[in-house]
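So you can see what is in the structure, the chains are spelled out below.
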Amino acid sequence: MMVWIWLPAIAAFSGSMLAAATGPSTPGNQSSGEARAAFASLPLSFELNQGQTDPAVRFLAHGPGYSLFLSQDEAVMALHSGERSAAGMSSPGHESVLRMRLLNARKGGRAEGMDKLEGESNYFIGNDPRKWRTGVPNYARVKFAGVYPGVDLVYYGHQGRLEYDFVLQPGADPAKLRFGIEGANGVRINEAGELVLETVAGEVALRKPEAYQGNGASRRRVNVSYVWRGEEIGFKVGRYRRDEGLTIDPVLIYSTYLGGSGGDIAYGIAVDISGNAYVTGVTGSVNFPVKSAAQ
């Protein structure tokens, strides 16, 4: 379980956005390096949007170095890298916003959290209780149903690694799965079959996708690769049984941004023996980037 504790570094009446989450355990004593290593191995925790960010966002996840926002047809990742000055300010040149938008996706589908976690998030905005959001549930996975005919999209992952499964029902057409990238200076497919996105703060990689049919011992791999056509990215799928379901599983790697600066100031991180993560500091990471920053 992941537990967020965002505590004010300045008075609450300053108007800063402060997030807090509580858990039942007491944090252990670890060095900064040990705590960050343990934190990076924890699963992602997706918060239901209950008014703590833009209404277009259904779920969000955040931590040192990144913020992730999920809407019906878009995943938006605000990435922060670099050092923070003594005054607490980060360099704008070390901030990037990547948007991955599903093209021609269905509108108005159902979004639901799956595998509810024990922790709850609480947001305290200034000294006006009407702006506070408490008891916000957290989930290990998020499902967007029917993004394309016969296709569901499921997000999950660990810190520094976002996975999103396209789950196709029998007969669904994988050729309809297409997405566009905004916010990258360059896009290329490398020799390993990875989709590499170049940003001002460094590279982010979408690992070579995997695809399979069946489950458990009966799981069978299916050949799949990225196809890049101008501004559109899709999948080339090898032979498979059309009368069975198919899962395509890309993975976005952003681990180099963990511990970066930007919208969060993390003064301390600790992980207890139960696997709870405690992060103390100040956050602005629920501020949804309406547009991508200039690259």
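The rules behind these values
- Residues numbered from 1 in each chain as written.
- Predicted model: local features only at pLDDT ≥ 70, side-chain atom pairs only at ≥ 80, totals over all residues.
- Heavy atoms only, no water.
- Helix = DSSP H or I, 4+ residues; strand = E, 2+ residues; numbered from the N terminus.
- Buried < 20%, exposed > 50% of the residue type's maximum accessible area, 1.4 Å probe, protein only.
- Contact = heavy atoms within 4.5 Å.
- Areas by Shrake-Rupley, 256 points an atom, 1.4 Å probe, with all protein chains shown as cover.
- Salt bridge = Lys/Arg side-chain N within 4 Å of Asp/Glu carboxyl O.
- Core = buried A, V, L, I, M, F, W, Y, C linked by side-chain atoms within 4.5 Å.
- pLDDT = per-residue confidence, 0-100.
- Pairing = 2+ DSSP bridges.
- Polar contact = N/O pair within 3.5 Å; in protein donor to acceptor, adjacent residues only side chain to side chain.
- Phe/Tyr/Trp six-rings, centres within 6.5 Å; stacked < 30°, edge-to-face > 60°.
- Lys NZ or Arg CZ within 6 Å of the ring centre and 35° of its normal.

## Points about the overall build of the chain
Each helix and strand in the chain was counted, giving 1 helix and 20 strands. Within the chain, buried positions represent 50% of all 295 residues. Counting only contacts in the chain whose residues sit at least 6 apart along the sequence, the fraction spanning at least 24 positions is 62%. Summing over all exposed atoms, the chain offers an accessible surface of approximately 13700 Å²; the carbon and sulfur share of this is 51%.

## Quick word on the pattern of salt bridges
The final tally for this structure, using the stated rule, is 17 salt bridges. Two residues, E232 and R178, come together in a salt bridge whose shortest N-O distance is 2.7 Å. Of this pair, E232 sits in strand β17 (residues 232-237) while R178 is found in the loop between β10 (161-168) and β11 (179-182), placing the two residues 54 residues apart along the sequence. Look at the salt bridges and you will find they share partners, linking D73, E74, R99, R101 and K107 into a network.

## Description of the nonpolar core
Counting residues in each nonpolar core, the largest one holds 45 residues, and the members touching the most others are F46, L70, Y155, L162, F166 and L206. No other element matches the 5 residues that strand β8 (residues 133-148) contributes to this core.

## Brief notes about the confidence of the model for the chain
Regions with low pLDDT should not have their predicted coordinates read in detail. Averaged over every residue, the pLDDT of the chain is 77; the share at 70 or more is 68%. Averaged pLDDT values over the elements of the chain bottom out at 38 in strand β1 (residues 17-22) and peak at 96 in strand β15 (residues 220-222). Ignoring residues within four places in sequence, the model shows residues 1-29, a span with pLDDT below 50, making 101 contacts including any to other chains.

## Side note on the pairing of strand β14 (residues 202-213)
Sheet faces and side chains relate simply in a regular strand, where the side chains alternate between the two faces. Across 5 bridges, strand β13 (residues 195-199) lies against β14 in antiparallel orientation. Directly across from V196, in β14, lies its bridge partner A205. The pairing of β14 with strand β18 (residues 246-253) spans 6 bridges and is antiparallel. Looking across to β18, one finds that Y212 is bridged to T247. Counting the residues in the hairpin turn of β14 and β15 gives 6 residues, including G214, whose phi is positive at 80 degrees.

## A word on the side chain of N122
Tracing the backbone through its elements, the reader meets N122 in strand β7 (residues 111-125). Here G135 takes part through its backbone nitrogen, which lies 2.7 Å from a polar atom of the side chain of N122.

## Some thoughts on the packing of aromatic side chains
Under the definition given, this model contains 7 aromatic pairs. Centroid distance Y164 to F166: 5.9 Å. Interplanar angle 75 degrees. Geometry classified as edge-to-face. Y164 gets classed as buried once you look at its relative accessible area, which sits at 5%. Ring plane angle 35 degrees and centroid distance 5.8 Å describe the contact between Y226 and F235, whose orientation is recorded as tilted. The exposure class of Y226 is buried, given its relative accessible area of 7%. Here the aromatic cluster, defined as three or more aromatic residues joined through ring pairs, consists of F144, Y155, Y164, F166, F179, Y226 and F235. Sitting above the plane of the Y212 ring, R219 keeps its charged end 3.7 Å from the centroid.

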